[in-house]
Amino acid sequence: MRLTKYQKTIKKLFEEDQNDRNSKSWKKFSDKERLSLIFKKDKKRIKIIENILKKKPVFRGTDFFKIGFMLGHMGNTNYFRKTMFFAKKGMELNHQKSKWLYAAAMDKILKNQKKNQKFGTLFKKDKNGKWDVYPVDRKTTDNKRKEFNIMSLLEIKNLLLLL
């Protein structure tokens, strides 16, 4: 299947997004400087995405996932809600990674509201530099997590011990 010009643009923007976050060239900057520089690039990408969305093109599940993923970098509840919207569109097209994205965006919204996250997708470093899971609502079962392609809490905690 040939990609439309908009699908190609979304693919390119997503690759740039991921390259920015994984580039070793950022090592020379402090975390604060690095995040500030990346955020400026994120804002430019979001403007392009918003202009594309105005044209209402046809997208695949993977495109909705990529759009939602990049919108989630904007760091506020309004954009996290948009992330959930596009993740849900991806889920409707049976895109499996969109399930995780939906859950992660929900957790970010809950964290911003000073509530426990539902799924356990967010982590933090403690005062000793060890990774831990932000507080999680214990009513969410590991079976529910599995529905969204998320590991059990025990698996997550064991993984964090390796970091």
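Refer to the preceding data block for the structure.
Within any chain, residue numbers begin from 1 and follow the written order of that chain's sequence. Owing to the predicted nature of the model, reporting of local features is limited to residues with pLDDT of at least 70; listing and counting of side-chain atom pairs is limited to 80 or more, with chain, interface and lining totals taken over all residues. No hydrogens and no water enter the side-chain calculation; it runs on all heavy atoms of the structure.

Participant: Just checking my understanding: could you explain unusual backbone geometry for this structure?
Facilitator: Negative phi characterises most residues that are not glycine, and trans characterises most peptide bonds. Not every positive phi belongs to a glycine, and Lys56 is a case in point at roughly 55°. In this text, helices come from DSSP runs of H or I with a minimum length of four residues, and strands from runs of E with a minimum of two, each type numbered from the N-terminal end. Position of Lys56 among the secondary structure elements: in the loop between α2 (31–54) and α3 (61–71). With phi around 65°, Lys114 is a residue other than glycine that occupies positive phi space. Tracing the backbone through its elements, the reader meets Lys114 in the loop between α5 (97–112) and β1 (123–125).

Participant: Sorry, what's going on with the environment of Asp31 here?
Facilitator: Within the secondary structure layout, Asp31 lies in helix α2. For each residue, the accessible area found with a 1.4 Å probe, counting protein chains only, is set against the maximum for its type, and the residue is called buried under 20%, exposed over 50%, and partly exposed in between. Residue class for Asp31 comes out exposed when judged on its relative accessible area of 53%. Residues Asp31 and Asp17, spaced 14 residues apart in sequence, show a C-alpha to C-alpha distance of 17 Å. A distance of 3.3 Å separates a polar atom in the side chain of Asp31 from a polar atom in the side chain of Arg34. Pairing of N or O atoms within 3.5 Å defines a polar contact, subject to two protein rules: one partner must be a possible hydrogen donor and the other a possible acceptor, and residues neighboring in sequence count only if both atoms are side-chain atoms.

Participant: Sorry if this is basic, but what is going on with α3 here?
Facilitator: Spacing of three or four residues puts side chains on the same side of an α-helix, whose turn is 3.6 residues. Among the 11 residues in α3, 10 count as buried, and that is most of the element. Of the positions making up α3, those classed as buried are Gly61, Asp63, Phe64, Phe65, Lys66, Ile67, Gly68, Phe69, Met70 and Leu71. Here, two residues are considered to be in contact whenever any of their heavy atoms come within 4.5 Å of each other. In this fold, the buried residues of α3 make contact with α1 (5–22), α2, α4 (77–92) and α5.

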